[in-house]
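These are the residues of each chain, in order.
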Protein chains: 2
Amino acid sequence: MSRSKPTIDDVARVAGVSRATASRVINNAPGASGPLRVRVHEAVARLGYRPNEAARALASGRPRVVDVIAVSCNLPGGWLGSNPYYGRVLAGMMPLLEGIGAQLRVHALTHESAAESLDEIAAGVTLGAVLSDITPALAARFHRRCRRVVSLVPTAETVPAMVADNIGGAYAAITHLHRLGRRRIAAIHGPAASTCAADRRIGHLRALQRLGAAEISAEAAFTREGGYDAAQRLLAQHPDLDAVFVACDLMAAGAVQALTAGGRRVPEDVSVIGFDDSVAAICANPPLTTVRLPVEEMAAAAVRLLLFGDIAPGHRQQFPAELVLRQSTARRDARGS
Amino acid sequence: MSRSKPTIDDVARVAGVSRATASRVINNAPGASGPLRVRVHEAVARLGYRPNEAARALASGRPRVVDVIAVSCNLPGGWLGSNPYYGRVLAGMMPLLEGIGAQLRVHALTHESAAESLDEIAAGVTLGAVLSDITPALAARFHRRCRRVVSLVPTAETVPAMVADNIGGAYAAITHLHRLGRRRIAAIHGPAASTCAADRRIGHLRALQRLGAAEISAEAAFTREGGYDAAQRLLAQHPDLDAVFVACDLMAAGAVQALTAGGRRVPEDVSVIGFDDSVAAICANPPLTTVRLPVEEMAAAAVRLLLFGDIAPGHRQQFPAELVLRQSTARRDARGS
DNA sequence: GATACGGGCGAGAGCGCTCTCACGGGAAGC
DNA sequence: GCTTCCCGTGAGAGCGCTCTCGCCCGTATC
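Residues numbered from 1 in each chain as written. Chains lettered and ligands numbered in written order. Predicted model: local features only at pLDDT ≥ 70, side-chain atom pairs only at ≥ 80, totals over all residues. Heavy atoms only, no water.

Let's shift gears to the overall build of chain A. Within chain A, the regular secondary structure consists of 14 helices and 12 strands. Expected size for 337 residues packed as a compact globule is a radius of gyration near 20 Å; at 25 Å, chain A overshoots this value by more than 25%. Projected onto the principal axes, the alpha-carbon positions of chain A cover approximately 85 × 45 × 35 Å. Sorting the 337 residues of chain A into buried and exposed places 56% on the buried side. In chain A, once contacts between residues fewer than 6 apart in sequence are set aside, the share between residues at least 24 apart is 71%. (Helix = DSSP H or I, 4+ residues; strand = E, 2+ residues; numbered from the N terminus. Rg over C-alpha atoms; globule rule 2.2 N^0.38 Å. Buried < 20%, exposed > 50% of the residue type's maximum accessible area, 1.4 Å probe, protein only. Contact = heavy atoms within 4.5 Å.)

Right, here's the structure in full:
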């Protein structure tokens, strides 16, 4: 009647088998069978035994932890608190991990400490890491030290990645605005250092080229304030703009506020399309039409690859972007009064 | 020139000391001194040695992981992805943990699996757990199995907690609306099962009583849709309402949309105050006046208690709520046009 | 009936680290 | 000069688990 937690030896003793057999049963490994399995399971239940993860990790060399790493590109204030995108990443991974009893470790790094912390994580025991917002150089460095890694953003070529079709999403957004009859389409892009932002810009430019339209754009940080200020600037320079494509919902929400403050009605006077389909999109008023990336699925796919897959350098899997229509691009004739 | 990771034995050999001394130096423990410290540090640097966390945890029985647990009360879709509040919790904890090399494990549980998963976590090795959205019964159960736990919501009395002044915050919000001249103040509350929601309602009722005003309120889930629908209902029943206090920004954003759709101008016709000061508050249009809880500080305090403190059952620390003024309650006379 | 084979099971050796304890030598006390 | 003490150091015993290896016994093969 010891007070301390039962160990596998206790289980083995109670079940009347060897520790090895107990281990086999507990891990569902072959080589133990029939009545013994039952006895071990009974003992586990009776003692309330729970395997010690640290011991498992140490003995097997195979940990059950997945790391999620984000290096704030332009949000020194800490990305987690300010961008709802990351919540979707975690939410997407959770069910899979829960399912196999693996755990999720979160790392939010700033640029200053990133390199060192990344080395630390790479050197540690991990099932693998999912990189979220990170520069190609850092991603490549991490990949060199730890092969079990998947990026959720387009990054250095060698690093395996689940990439969303940012280019196609932006292209579809611009095309949609054009189809609505908009001819003075402005864009607010994210910081050029972000690979996502860069891809969204490419899609934007391609669409413009195809449509034979001129570029009107501004660059801003991925924050509401960034979007607000950029929209104000655009409005000052191009008072006749009738649509804004914004590379992130958070910025788009700010842009809508700036447009409203500038006396424009959304969507009657100006159509707005955001990007990400985050909580910011549904909280904006009016709710934002946005480009939805299957973030949860991408995160889940990353975990699946990490856990069960064969991670080849340069592995890439693309996910489609989808335009989610909400009021910020509602047709003028579809609005009452 | 082994290919595998250096161990502490390698460090000891290179430094010409015993493993024990190497361990002492690496852990900054007393009992090793002078030149030996230098030699060990040199060896560590030369080999690129990183301690194996699993082995450390096993040998010392003292893990370096803090668990964050949230049980979605009314958001079966997974809270993480949909409520920006949690991002702030994680962001608040991160710097402290990074500082001492501890890690953050995230658990998002659903009600069905909560009990079992909680037992699992309680039985595992952890520096302690921070409970976020959880019912008192589950919190108490967890606390019984694992003393190192701090809740971020008011919960069972025995469970140590960092609690925000939800009552005072709601009271201040209602009082502020009244001071603005609003006399038909409605409220949208969260689900009664949530202790936070309950406290906010208490503050609301207290203020009403003090002001001699009648209660107009509705209950909804902590989602945008919940807020939207509740606002619509309130508007139908009380077309003359001139203010709405909403127990969560996400709901408040929905409420603003419903008010706008119902032909009301915010803040000219109806003042709106949200709760939490989350990203939803700044993304709403107009941006929401809201009750800010020092979530980051609370989370940090919880971690500090877990790491360094003396956790007595029933320990409680209260944090003030602060009204953040934004446009959704701007004075009518302060608006142009 | 003797030999070969195979699958179930147990013994035991680590995984990399922490921590206790015993030892040795130098400083302090008489 | 001897004892006492203490501090710095090293040896070694685990922490709880996984996994390899070899034993044993039951079945198949001739």
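The discussion continues.
All names here are of chain A. Here we have six strands laid out as an open sheet, ordered 7-6-8-9-10-12, and mixed in their pairing. Two strands in the sheet have a free side with no partner beyond their single neighbour: strand 7 (216-219) and strand 12 (322-324). Each neighbouring strand pair of the sheet contributes to a mean axis angle of 20°, computed without reference to strand direction. Across four bridges, strand 9 (residues 271-276) lies against strand 10 (residues 289-292) in parallel orientation. Paired with Phe275 across the bridge in strand 10 is Val291. Sheet contacts for helix 10 (residues 195-211): strand 6 (185-189), strand 7, strand 8 (243-246) and strand 9; angle to strand 6, the most-contacted strand, approximately 165°. (Pairing = 2+ DSSP bridges. Axes fitted to C-alpha atoms, helices over the stretch in contact; angles between N-to-C directions.)

All right, on to the interface of chain A and chain B then. Each partner contributes to the interface: chain A provides 44 residues, whereas chain B provides 45 residues. A per-residue breakdown of the area chain A buries against chain B is headed by Arg50, Cys283 and Asn285 of chain A, which together make up 17% of the total. There are zero salt bridges connecting chain A and chain B. Our count for the chain A to chain B interface comes out at 11 residue pairs in polar contact (both at pLDDT 80 or more). For the side of chain A that touches chain B, the secondary structure elements donating two or more residues are helix 4 (53-60), helix 5 (79-82), helix 6 (85-100), strand 2 (103-109), helix 7 (111-123), helix 12 (249-261) and helix 13 (279-283) of chain A. Of all the elements, strand 2 of chain A adds the most residues to the side of chain A that touches chain B, at seven residues. (Buried area = accessible area lost by both parts, 1.4 Å probe. Salt bridge = Lys/Arg side-chain N within 4 Å of Asp/Glu carboxyl O. Polar contact = N/O pair within 3.5 Å; in protein donor to acceptor, adjacent residues only side chain to side chain.)

This brings us to the pairing of strand 7 of chain A. All names here are of chain A. Residues of strand 7 alternate between two faces, with Ile216 and Ala218 buried on one and Ser217 and Glu219 left unburied on the opposite face. Here strand 6 runs beside strand 7; their pairing, made up of four bridges, is parallel. Looking at strand 7, one finds that Ala186 is bridged to Ile216. Read from strand 6 through helix 10 to strand 7, the crossover connection turns out right-handed. (Right-handed = clockwise from strand over helix to strand, strands pointing away.)

Residue and element names in this part refer to chain A. Enumeration according to the criterion identifies 31 salt bridges over all chains in this entry. Its salt-bridge partner being Asp240, residue Arg184 comes within 2.8 Å of it at the nearest N-O pair. Of this pair, Arg184 sits in the loop between helix 9 (166-179) and strand 6 while Asp240 sits in the loop between helix 11 (224-237) and strand 8, and the two are 56 residues apart along the sequence. Taking relative accessible area as the criterion, Arg184 reaches 31% and is therefore assigned partly exposed. Salt bridges here are not isolated pairs; linked through shared partners, they connect Arg88, Asp277, Arg292, Glu296 and Arg326.

All names here are of chain A. Tracing the sequence through the fold places Pro239 in the loop between helix 11 and strand 8. Residues Pro239 and His41, 198 residues apart in the sequence, show an inter-C-alpha distance of 73 Å. When neighbours within four sequence positions are excluded, Pro239 is seen to be in contact with Leu234 and Arg264.

On to the protein's contact with DNA strand C, then. Taken together, 27 residues surround DNA strand C, and among them Thr21 of chain A together with Ile8, Arg19, Tyr49 and Arg62 of chain B come closest. In the environment of DNA strand C, a phosphate oxygen lies 2.4 Å from a nitrogen or oxygen atom belonging to the backbone of Ile8 of chain B. Separating a base oxygen of DNA strand C from a side-chain N or O atom of Arg19 of chain B is a distance of 2.7 Å. Within the residue set of the surface near DNA strand C, elements represented by two or more residues are helix 2 (19-26) and helix 4 of chain A together with helix 2 (19-26) and helix 4 (53-60) of chain B. (Near = heavy atom within 4 Å.)

The next point concerns the packing of aromatic side chains. All names here are of chain A. Per the counting criterion, the structure on display carries two aromatic pairs over all chains. The interplanar angle of 65° and the centroid separation of 6.0 Å between the aromatic rings of Phe245 and Phe275 together place this pair among those described as edge-to-face. Taken together, the residues span a long stretch of sequence, with Phe245 in strand 8 and Phe275 in strand 9 at a distance of 30 residues. Exposure class is identical for Phe245 and Phe275. Each is buried. (Phe/Tyr/Trp six-rings, centres within 6.5 Å; stacked < 30°, edge-to-face > 60°.)

The next subject is the domain arrangement of chain A. In terms of domain boundaries, chain A breaks down into domain 1 (8-51), domain 2 (65-164 + 295-319) and domain 3 (166-293 + 323-334). Taking only C-alpha atoms into account, the centre of domain 1 of chain A sits 59 Å from that of domain 3 of chain A. (Domains from an automatic or database assignment.)

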